[in-house]
Amino acid sequence: MPDSLKSAVTDFQTKFLAFDIDAIPKATRDLLSAGCGLSDFLTACIPCMEEIGNKFEAGEYYLPQLVVAGEMFKIASRQVKAVAATDSGCKYIGKIVLATPKGDIHDLGKDIFAVLAEASGFSVQNVGVDIEPKILVQEIEKTGATILGLSCLLTTTYASVRETVRLLEEKGLRNSTRIVIGGGATEKSLVEKLGVDAQTRDAYEGIGIIKSWAAQTGSDIETKEAVA
Ligand code: B12
(Lines give C-alpha, C1' and ligand atoms only; values in the text may rest on other atoms or scores of the structure.)
Protein backbone atom coordinates (compact mmCIF):
# COMPACT_ATOMS: atom_id res chain seq x y z
CA MET A 1 0.00 0.00 0.00
CA PRO A 2 1.52 3.39 -0.97
CA ASP A 3 2.40 5.82 1.89
CA SER A 4 -0.23 8.38 0.81
CA LEU A 5 -2.95 5.71 1.06
CA LYS A 6 -1.61 4.41 4.39
CA SER A 7 -1.75 7.91 5.82
CA ALA A 8 -5.32 8.49 4.48
CA VAL A 9 -6.40 5.15 6.02
CA THR A 10 -4.88 6.08 9.40
CA ASP A 11 -6.61 9.46 9.28
CA PHE A 12 -9.95 7.83 8.36
CA GLN A 13 -9.64 5.27 11.18
CA THR A 14 -8.72 8.01 13.70
CA LYS A 15 -11.85 10.00 12.75
CA PHE A 16 -13.98 6.84 12.80
CA LEU A 17 -12.78 5.76 16.24
CA ALA A 18 -13.31 9.32 17.52
CA PHE A 19 -16.95 9.14 16.25
CA ASP A 20 -16.25 12.33 14.28
CA ILE A 21 -19.19 11.78 11.90
CA ASP A 22 -18.93 15.29 10.36
CA ALA A 23 -15.35 14.57 9.29
CA ILE A 24 -16.19 11.23 7.63
CA PRO A 25 -17.22 12.53 4.15
CA LYS A 26 -13.94 14.45 3.77
CA ALA A 27 -11.85 11.61 5.24
CA THR A 28 -13.54 9.26 2.75
CA ARG A 29 -12.88 11.64 -0.16
CA ASP A 30 -9.22 11.71 0.91
CA LEU A 31 -9.19 7.91 0.91
CA LEU A 32 -10.57 7.86 -2.61
CA SER A 33 -8.10 10.51 -3.85
CA ALA A 34 -5.29 8.38 -2.43
CA GLY A 35 -6.48 5.49 -4.61
CA CYS A 36 -8.45 3.53 -2.02
CA GLY A 37 -10.66 0.78 -3.49
CA LEU A 38 -13.57 -0.98 -1.81
CA SER A 39 -11.43 -3.79 -0.49
CA ASP A 40 -8.90 -1.42 1.18
CA PHE A 41 -11.83 0.57 2.54
CA LEU A 42 -13.40 -2.49 4.18
CA THR A 43 -10.03 -3.63 5.49
CA ALA A 44 -9.85 -0.21 7.18
CA CYS A 45 -13.41 -0.36 8.56
CA ILE A 46 -13.60 -3.92 9.94
CA PRO A 47 -11.07 -3.48 12.79
CA CYS A 48 -12.79 -0.18 13.75
CA MET A 49 -16.23 -1.84 13.93
CA GLU A 50 -14.78 -4.76 15.87
CA GLU A 51 -13.01 -2.46 18.33
CA ILE A 52 -16.19 -0.44 18.89
CA GLY A 53 -18.18 -3.67 19.37
CA ASN A 54 -15.66 -4.97 21.91
CA LYS A 55 -15.65 -1.68 23.84
CA PHE A 56 -19.44 -1.72 23.88
CA GLU A 57 -19.35 -5.22 25.29
CA ALA A 58 -16.81 -4.15 27.90
CA GLY A 59 -19.20 -1.39 29.05
CA GLU A 60 -16.90 1.35 27.78
CA TYR A 61 -19.26 2.45 25.01
CA TYR A 62 -23.04 2.68 24.89
CA LEU A 63 -25.78 2.39 22.28
CA PRO A 64 -25.38 5.94 20.83
CA GLN A 65 -21.78 5.15 19.83
CA LEU A 66 -22.95 2.00 18.02
CA VAL A 67 -25.62 3.95 16.17
CA VAL A 68 -23.07 6.57 15.09
CA ALA A 69 -20.62 3.81 14.02
CA GLY A 70 -23.32 2.26 11.83
CA GLU A 71 -24.14 5.66 10.33
CA MET A 72 -20.49 6.48 9.64
CA PHE A 73 -20.07 3.14 7.88
CA LYS A 74 -23.16 3.80 5.75
CA ILE A 75 -22.05 7.33 4.79
CA ALA A 76 -18.52 6.23 3.86
CA SER A 77 -19.51 3.02 2.07
CA ARG A 78 -22.05 4.92 -0.04
CA GLN A 79 -19.30 7.31 -1.19
CA VAL A 80 -16.83 4.52 -1.92
CA LYS A 81 -19.44 2.38 -3.69
CA ALA A 82 -20.44 5.33 -5.92
CA VAL A 83 -16.90 5.49 -7.25
CA ALA A 84 -16.31 1.74 -7.36
CA ALA A 85 -19.57 1.28 -9.30
CA THR A 86 -18.12 3.00 -12.37
CA ASP A 87 -17.14 -0.38 -13.89
CA SER A 88 -20.69 -0.67 -15.24
CA GLY A 89 -21.58 -3.13 -17.93
CA CYS A 90 -19.79 -6.07 -16.40
CA LYS A 91 -21.79 -9.09 -15.35
CA TYR A 92 -22.78 -10.10 -11.86
CA ILE A 93 -21.14 -13.36 -10.95
CA GLY A 94 -23.94 -14.48 -8.64
CA LYS A 95 -27.03 -13.43 -6.74
CA ILE A 96 -27.31 -13.54 -2.98
CA VAL A 97 -30.14 -12.94 -0.53
CA LEU A 98 -28.68 -11.70 2.76
CA ALA A 99 -30.38 -11.17 6.12
CA THR A 100 -30.23 -11.40 9.88
CA PRO A 101 -32.71 -14.12 10.94
CA LYS A 102 -35.89 -13.73 12.97
CA GLY A 103 -35.28 -12.59 16.55
CA ASP A 104 -31.92 -10.93 15.87
CA ILE A 105 -31.43 -7.24 15.09
CA HIS A 106 -27.61 -7.08 14.80
CA ASP A 107 -26.59 -5.72 11.40
CA LEU A 108 -23.11 -4.16 11.52
CA GLY A 109 -21.31 -7.31 10.35
CA LYS A 110 -24.03 -8.21 7.84
CA ASP A 111 -23.75 -4.81 6.19
CA ILE A 112 -19.97 -5.10 5.94
CA PHE A 113 -20.40 -8.49 4.25
CA ALA A 114 -23.02 -6.97 1.92
CA VAL A 115 -20.65 -4.24 0.74
CA LEU A 116 -17.84 -6.73 0.28
CA ALA A 117 -20.08 -9.11 -1.68
CA GLU A 118 -21.23 -6.28 -3.96
CA ALA A 119 -17.64 -5.21 -4.46
CA SER A 120 -16.79 -8.79 -5.39
CA GLY A 121 -19.34 -8.81 -8.19
CA PHE A 122 -22.48 -10.18 -6.53
CA SER A 123 -25.98 -8.82 -6.79
CA VAL A 124 -26.97 -8.51 -3.12
CA GLN A 125 -30.55 -8.44 -1.90
CA ASN A 126 -29.95 -7.19 1.66
CA VAL A 127 -33.34 -7.94 3.19
CA GLY A 128 -32.61 -6.55 6.66
CA VAL A 129 -32.80 -7.76 10.25
CA ASP A 130 -35.27 -9.90 12.20
CA ILE A 131 -36.42 -11.62 9.01
CA GLU A 132 -38.85 -14.54 9.14
CA PRO A 133 -38.00 -17.77 7.27
CA LYS A 134 -41.02 -17.45 4.96
CA ILE A 135 -39.90 -13.96 3.87
CA LEU A 136 -36.41 -15.30 3.09
CA VAL A 137 -37.90 -18.04 0.95
CA GLN A 138 -40.13 -15.51 -0.83
CA GLU A 139 -37.07 -13.33 -1.55
CA ILE A 140 -35.23 -16.32 -3.01
CA GLU A 141 -38.21 -17.15 -5.21
CA LYS A 142 -38.61 -13.50 -6.27
CA THR A 143 -34.96 -12.81 -7.08
CA GLY A 144 -33.89 -16.24 -8.31
CA ALA A 145 -30.89 -16.03 -5.97
CA THR A 146 -28.85 -19.21 -5.65
CA ILE A 147 -27.10 -18.18 -2.42
CA LEU A 148 -28.57 -17.32 0.98
CA GLY A 149 -26.35 -15.58 3.56
CA LEU A 150 -27.50 -15.42 7.17
CA SER A 151 -25.82 -13.29 9.82
CA CYS A 152 -26.31 -14.83 13.26
CA LEU A 153 -25.18 -12.93 16.34
CA LEU A 154 -27.58 -14.64 18.73
CA THR A 155 -27.73 -18.37 19.44
CA THR A 156 -31.52 -18.01 19.47
CA THR A 157 -31.39 -17.62 15.66
CA TYR A 158 -30.61 -21.34 15.20
CA ALA A 159 -34.27 -22.34 15.25
CA SER A 160 -35.01 -19.78 12.56
CA VAL A 161 -32.13 -21.03 10.39
CA ARG A 162 -33.41 -24.62 10.74
CA GLU A 163 -36.93 -23.53 9.80
CA THR A 164 -35.58 -21.68 6.75
CA VAL A 165 -33.80 -24.85 5.60
CA ARG A 166 -37.01 -26.85 6.14
CA LEU A 167 -39.11 -24.37 4.16
CA LEU A 168 -36.60 -24.35 1.29
CA GLU A 169 -36.80 -28.15 1.20
CA GLU A 170 -40.59 -28.04 1.28
CA LYS A 171 -40.63 -25.61 -1.68
CA GLY A 172 -38.14 -27.75 -3.64
CA LEU A 173 -35.57 -24.93 -3.51
CA ARG A 174 -32.97 -26.44 -1.21
CA ASN A 175 -30.95 -28.14 -3.97
CA SER A 176 -30.62 -24.90 -5.92
CA THR A 177 -29.81 -22.70 -2.89
CA ARG A 178 -26.46 -22.77 -1.09
CA ILE A 179 -26.56 -21.40 2.44
CA VAL A 180 -23.69 -19.72 4.30
CA ILE A 181 -24.00 -18.55 7.89
CA GLY A 182 -21.72 -15.97 9.50
CA GLY A 183 -21.49 -13.79 12.58
CA GLY A 184 -20.30 -14.22 16.15
CA ALA A 185 -22.85 -16.87 17.20
CA THR A 186 -21.72 -19.32 14.53
CA GLU A 187 -19.15 -22.11 14.47
CA LYS A 188 -18.23 -24.91 12.07
CA SER A 189 -20.22 -27.63 13.88
CA LEU A 190 -23.43 -25.75 13.01
CA VAL A 191 -23.06 -26.63 9.33
CA GLU A 192 -24.15 -30.17 10.10
CA LYS A 193 -26.43 -29.32 13.03
CA LEU A 194 -28.47 -26.71 11.13
CA GLY A 195 -28.24 -28.32 7.70
CA VAL A 196 -26.49 -25.38 6.00
CA ASP A 197 -23.58 -25.54 3.54
CA ALA A 198 -20.88 -23.34 5.07
CA GLN A 199 -19.97 -21.17 8.05
CA THR A 200 -17.43 -18.43 8.66
CA ARG A 201 -16.86 -15.51 11.02
CA ASP A 202 -14.57 -13.89 8.50
CA ALA A 203 -16.24 -11.78 5.82
CA TYR A 204 -13.32 -12.32 3.39
CA GLU A 205 -13.48 -16.10 3.82
CA GLY A 206 -17.22 -15.80 3.17
CA ILE A 207 -16.50 -14.11 -0.15
CA GLY A 208 -14.14 -16.96 -1.07
CA ILE A 209 -16.91 -19.45 -0.31
CA ILE A 210 -19.61 -17.73 -2.35
CA LYS A 211 -17.20 -17.07 -5.23
CA SER A 212 -16.39 -20.79 -5.41
CA TRP A 213 -20.13 -21.55 -5.48
CA ALA A 214 -20.71 -18.97 -8.22
CA ALA A 215 -17.87 -20.46 -10.23
CA GLN A 216 -19.47 -23.90 -9.96
CA THR A 217 -22.84 -22.68 -11.20
CA GLY A 218 -21.18 -20.36 -13.74
CA SER A 219 -24.00 -17.87 -13.28
CA ASP A 220 -23.26 -14.47 -14.77
CA ILE A 221 -26.74 -13.26 -14.27
CA GLU A 222 -27.40 -9.75 -15.43
CA THR A 223 -25.61 -6.48 -16.02
CA LYS A 224 -24.74 -4.30 -13.05
CA GLU A 225 -26.93 -1.43 -14.22
CA ALA A 226 -30.01 -3.62 -14.05
CA VAL A 227 -30.09 -3.74 -10.25
CA ALA A 228 -27.90 -0.75 -9.30
C1 B12 B 1 -23.09 -4.24 18.74
C2 B12 B 1 -23.86 -5.24 19.57
C3 B12 B 1 -25.20 -5.02 19.79
C4 B12 B 1 -25.96 -3.83 19.21
C5 B12 B 1 -26.33 -4.14 17.72
C6 B12 B 1 -26.20 -2.90 16.85
C7 B12 B 1 -26.32 -3.26 15.39
N8 B12 B 1 -26.88 -2.30 14.63
O9 B12 B 1 -25.93 -4.32 14.93
C10 B12 B 1 -27.23 -3.78 20.14
C11 B12 B 1 -26.95 -2.86 21.32
C12 B12 B 1 -28.52 -3.30 19.47
C13 B12 B 1 -27.26 -5.19 20.64
C14 B12 B 1 -28.41 -5.78 21.15
C15 B12 B 1 -28.40 -7.04 21.74
N16 B12 B 1 -27.36 -7.87 21.92
CO17 B12 B 1 -25.61 -7.55 21.14
N18 B12 B 1 -23.81 -7.32 20.75
C19 B12 B 1 -23.19 -6.40 20.08
C20 B12 B 1 -21.67 -6.69 20.09
C21 B12 B 1 -21.04 -5.85 21.19
C22 B12 B 1 -20.90 -6.43 18.82
C23 B12 B 1 -21.47 -7.11 17.54
C24 B12 B 1 -20.85 -6.44 16.32
O25 B12 B 1 -21.49 -5.67 15.65
N26 B12 B 1 -19.54 -6.71 16.06
C27 B12 B 1 -18.79 -6.10 14.98
C28 B12 B 1 -19.12 -6.83 13.64
C29 B12 B 1 -18.32 -6.17 12.52
O30 B12 B 1 -18.68 -8.17 13.79
P31 B12 B 1 -19.60 -9.43 13.34
O32 B12 B 1 -21.01 -9.13 13.48
O33 B12 B 1 -19.06 -10.65 13.96
O34 B12 B 1 -19.33 -9.51 11.75
C35 B12 B 1 -18.12 -9.95 11.15
C36 B12 B 1 -18.12 -11.46 10.85
O37 B12 B 1 -18.78 -12.24 11.82
C38 B12 B 1 -18.68 -11.58 9.47
N39 B12 B 1 -20.13 -11.76 9.27
C40 B12 B 1 -21.15 -11.21 9.94
N41 B12 B 1 -22.30 -11.59 9.41
C42 B12 B 1 -22.03 -12.38 8.37
C43 B12 B 1 -22.87 -13.06 7.47
C44 B12 B 1 -22.32 -13.88 6.49
C45 B12 B 1 -23.22 -14.59 5.53
C46 B12 B 1 -20.90 -14.00 6.40
C47 B12 B 1 -20.31 -14.89 5.37
C48 B12 B 1 -20.07 -13.31 7.29
C49 B12 B 1 -20.64 -12.52 8.26
O50 B12 B 1 -18.33 -10.36 8.83
C51 B12 B 1 -18.09 -9.31 9.77
C52 B12 B 1 -16.75 -8.68 9.42
O53 B12 B 1 -15.71 -9.64 9.47
C54 B12 B 1 -21.67 -8.23 20.44
C55 B12 B 1 -20.42 -8.74 21.18
C56 B12 B 1 -19.24 -8.89 20.28
N57 B12 B 1 -18.12 -8.35 20.70
O58 B12 B 1 -19.36 -9.49 19.20
C59 B12 B 1 -22.95 -8.35 21.29
C60 B12 B 1 -23.69 -9.68 21.31
C61 B12 B 1 -23.76 -10.25 19.91
N62 B12 B 1 -25.02 -9.26 21.73
C63 B12 B 1 -25.59 -10.12 22.54
C64 B12 B 1 -26.89 -9.97 23.11
C65 B12 B 1 -27.30 -11.04 24.12
C66 B12 B 1 -27.71 -8.89 22.76
C67 B12 B 1 -29.13 -8.62 23.29
C68 B12 B 1 -30.04 -9.85 23.42
C69 B12 B 1 -28.96 -7.88 24.61
C70 B12 B 1 -30.25 -7.65 25.40
N71 B12 B 1 -30.30 -8.36 26.48
O72 B12 B 1 -31.08 -6.91 24.94
C73 B12 B 1 -29.67 -7.63 22.24
C74 B12 B 1 -30.30 -8.40 21.06
C75 B12 B 1 -31.55 -7.83 20.60
C76 B12 B 1 -31.97 -8.62 19.38
N77 B12 B 1 -33.22 -9.08 19.39
O78 B12 B 1 -31.20 -8.85 18.46
C79 B12 B 1 -24.69 -11.33 22.80
C80 B12 B 1 -25.15 -12.58 22.03
C81 B12 B 1 -25.00 -13.83 22.85
C82 B12 B 1 -25.36 -15.01 22.03
N83 B12 B 1 -24.35 -15.69 21.51
O84 B12 B 1 -26.52 -15.31 21.83
C85 B12 B 1 -23.29 -10.76 22.40
C86 B12 B 1 -22.29 -11.81 21.87
C87 B12 B 1 -22.73 -10.07 23.67
C88 B12 B 1 -22.38 -11.08 24.76
N89 B12 B 1 -21.13 -11.44 24.91
O90 B12 B 1 -23.27 -11.50 25.47
N91 B12 B 1 -26.04 -5.80 20.54
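First, a word on what this report is: a plain description of the structure on this page. Residue positions within a chain follow its written sequence, with the count starting from 1. Under the rules for a predicted model, residues below a pLDDT of 70 receive no local features and side-chain atom pairs below 80 are neither given nor counted, while totals for whole chains, interfaces and linings still include all residues. Side-chain metrics rest on all non-hydrogen atoms present in the structure, leaving aside hydrogens and water.

1. Overview of the packing of helix H1 (residues 3-17) against helix H2 (residues 24-33)
Working convention: axes come from line fits to C-alpha atoms, limited for helices to the stretch in contact. Angles between N-to-C directions cover 0 to 180 degrees. By definition, any uninterrupted DSSP run of H or I lasting at least four residues is a helix, any uninterrupted run of E lasting at least two residues is a strand, and each is numbered from the N terminus. Where H1 meets H2, the axes come as close as 9 Å, and the angle between the chain directions of the two elements is 165°. By the angle between their directions, the pair H1 and H2 is classed as roughly antiparallel. Note on packing geometry: the crossing formed by H1 with H2 is left-handed. The residues of H2 that touch H1, namely those facing Leu-5, Ala-8, Val-9, Asp-11, Phe-12, Lys-15 and Phe-16, are Ile-24, Ala-27, Thr-28, Asp-30 and Leu-31. Three residue categories are used. Nonpolar comprises Ala, Val, Leu, Ile, Met, Phe, Trp, Tyr, Cys and Pro, charged comprises Asp, Glu, Lys and Arg, and polar comprises the others, including Gly. When its residues are assigned to classes, the contact of H1 with H2 shows eight nonpolar, one polar and three charged. For this classification, under 35 degrees means roughly parallel, over 145 means roughly antiparallel, 65 to 115 means roughly perpendicular, and everything else is oblique. Each crossing gets its handedness from the near helix: less than a right angle anticlockwise from the far helix is left-handed, clockwise is right-handed. The contact criterion used is simple: two residues touch if any of their non-hydrogen atoms lie within 4.5 Å.

2. With respect to the coordination of the cobalt atom of the ligand
Any N, O or S atom lying within 2.8 Å of the metal counts as a donor, with the limit raised to 3.2 Å for Na, K and Ca; because water is left out of the atom set, some sites can appear incomplete. Counting protein donors to the cobalt atom of the ligand gives just one, His-106 (NE2), placed at 2.3 Å. Mapped onto the elements of the fold, His-106 is located in the loop between strand E1 (94-101) and helix H5 (108-119).

3. Some points on the site of the ligand
A cutoff of 4 Å decides nearness: a residue is near a molecule or strand if any of its heavy atoms lies inside that distance of it. Inspection of the region around the ligand gives 32 residues, with Glu-57, Ile-105, His-106, Asp-107 and Ser-151 positioned closest. Pairing of N or O atoms within 3.5 Å defines a polar contact, subject to two protein rules: one partner must be a possible hydrogen donor and the other a possible acceptor, and residues neighboring in sequence count only if both atoms are side-chain atoms. Asn-54 has a polar side-chain atom sitting 3.2 Å from a nitrogen atom of the ligand. Here a nitrogen atom of the ligand and a side-chain polar atom of Glu-57 are 2.5 Å apart. Elements that contribute at least two residues to the shell around the ligand include exactly helix H3 (38-57), helix H4 (63-84), H5, strand E3 (147-151), strand E4 (178-182) and helix H9 (203-217).

4. Considerations on the environment of Thr-200
Relative to the helices and strands, Thr-200 is located in strand E5 (residues 198-200). Each residue is assigned to one of three classes by its accessible area relative to the maximum for its type, calculated with a 1.4 Å probe on protein chains only: buried under 20%, partly exposed between the two thresholds, exposed over 50%. Thr-200 sits in the buried class, given a relative accessible area of 7%. Sequence separation between Thr-200 and Ile-210 is 10 residues, and the spatial gap between their C-alpha atoms is 11 Å. With sequence-adjacent residues up to four places away left out, Thr-200 is seen in contact with Ile-181, Gly-182, Gly-183, Thr-186, Lys-188, Glu-205, Gly-206 and Ile-209. Side-chain polar atoms of Thr-200 contact the side chain of Glu-205, separated by 3.1 Å.

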